[in-house]
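Structural features, examined
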Amino acid sequence: MISFHGSGEVDAIVSAAGLAAFKPLAELTDADFALSITNKLMGQVNVVRFGLQSVNDSGSVTLTSGILGQQPAPGAAAISLVNAGLEGFTRGAALEAPRGIRVNIVSPPWLTETLQAMGRPTTGGLPAAVVARSYINSVEGRMTGQVLSPTPAT
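My aim in this report is to walk through the structure given alongside it, one point at a time. Predicted model, so just to flag it, every value in this text is computed and none were measured. (Residues numbered from 1 in each chain as written. Predicted model: local features only at pLDDT ≥ 70, side-chain atom pairs only at ≥ 80, totals over all residues. Heavy atoms only, no water.)

**Focus on a nonpolar patch on the surface**
A surface patch of nonpolar side chains, about 220 Å² in accessible area, is lined by Ile37, Met42 and Leu81. Within the fold, Ile37 resides in helix 1 (residues 30-51). (Patch = residues over 30% accessible without salt bridge, like charges linked within 9 Å, V, L, I, M, F, W, Y side chains within 5 Å. Areas by Shrake-Rupley, 256 points an atom, 1.4 Å probe, with all protein chains shown as cover. Salt bridge = Lys/Arg side-chain N within 4 Å of Asp/Glu carboxyl O. Helix = DSSP H or I, 4+ residues; strand = E, 2+ residues; numbered from the N terminus.)

Rendered as structure tokens:
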């Protein structure tokens, strides 16, 4: 069991953590799905479950899904599953968060820097600095239960 007791109170928690399997559906094993669900999905669910007690009144918790939850691609079935699950969880958790705490999720596209590092075309990607604005909006804004999808204008 995770405990945040003694860590002090915070105004916001932002989670961009988690592993998920990326391979063709025919090659995905039960272990691949278990990794994806246990790590990325339940890891971030638990950030909310156990983190709420450490967030100040009217603070915020921001999770991270990704574009593959809304726009799946070949090889992304497990990732699409957990990203879509996180988005649904966020909408539900926001309804029950205590003390005016807001719960949102950022669903970024591929980062330009990641695509460059992978040697892939950067079309459709956004620079990390642009994506960061959605996290700032989630932390500083008043919305709750929202999926924030960064665009060049956000």
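**Some remarks on the pattern of salt bridges**
Using the criterion set out here, one finds two salt bridges in the structure. Ionic pairing is found between Lys23 and Asp32, a salt bridge with its closest N-O pair at 3.0 Å. Since its relative accessible area comes to 27%, Lys23 is described here as partly exposed. For Asp57, the salt bridge goes to Arg99, with nearest N and O atoms at 2.6 Å. Of the two residues, Asp57 sits in strand 2 (residues 55-64) while Arg99 sits in the loop between helix 2 (77-96) and strand 3 (102-106), which places them 42 residues apart along the sequence. Asp57 gets classed as exposed once you look at its relative accessible area, which sits at 53%. (Buried < 20%, exposed > 50% of the residue type's maximum accessible area, 1.4 Å probe, protein only.)

**A short note on the packing of helix 1 against helix 2**
Two elements in contact, helix 1 and helix 2, have axes whose closest approach is 9 Å; the angle formed by their N-to-C orientations is 20 degrees. Classified by the angle between their axes, helix 1 and helix 2 sit roughly parallel to one another. Relative to helix 2, the crossing made by helix 1 is right-handed. Judged by residue contacts, Phe33, Ser36, Ile37, Lys40, Leu41, Gln44, Val45 and Val48 of helix 1 engage Ala78, Leu81, Val82, Asn83, Gly85, Leu86, Phe89 and Ala93 from helix 2. (Axes fitted to C-alpha atoms, helices over the stretch in contact; angles between N-to-C directions. Parallel < 35°, antiparallel > 145°, perpendicular 65-115°, else oblique. Left-handed = near helix turned anticlockwise from the far one by under 90°. Contact = heavy atoms within 4.5 Å.)

**Concerning the pairing of strand 3**
Of all five residues in strand 3, five are buried; the element is thus mostly enclosed. Where strand 2 and strand 3 come together, five bridges link them in parallel fashion. Looking at the pairing, Leu63 lines up with Ile105 of strand 3. Both strand 3 and strand 4 (residues 147-148) contribute to a ladder of two bridges, which runs parallel. Residue pairing for strand 4: Val106 is matched across the bridge by Leu148. (Pairing = 2+ DSSP bridges.)

**Things to note about the packing of aromatic side chains**
Applying the stated criterion across every chain yields a total of zero aromatic pairs. The cationic tip of Arg120 hangs over the ring face of Trp110; the distance from NZ or CZ to the ring centre is 5.3 Å. (Phe/Tyr/Trp six-rings, centres within 6.5 Å; stacked < 30°, edge-to-face > 60°. Lys NZ or Arg CZ within 6 Å of the ring centre and 35° of its normal.)

**Overview of the side chain of Thr90**
Within the secondary structure, Thr90 is located in helix 2. Discounting chain neighbours no more than four positions away, the residues touching Thr90 are Leu63, Val103, Asn104, Ile105, Gly145 and Gln146.

**With respect to helix 2**
For helix 2, which comprises 20 residues, the first-to-last C-alpha distance of 29 Å matches the rise-based estimate of 28 Å (1.5 Å per residue) to within 8%. When we look at burial in helix 2, the residues that qualify are Ala78, Ile79, Ser80, Val82, Asn83, Leu86, Glu87, Thr90, Ala93 and Ala94. Summarising the contacts, the buried residues of helix 2 are in contact with helix 1, strand 2, strand 3 and strand 4. (Expected span 1.5 Å × (residues − 1).)

**Description of the environment of Val47**
If you trace the backbone, Val47 turns up in helix 1. Each C-alpha atom, one on Val47 and one on Thr62, is 9.5 Å from the other, the two residues being 15 residues apart in sequence. In this structure Val47 touches Ile13, Ser15, Leu52, Val61 and Leu63, once residues within four positions along its chain are discounted.

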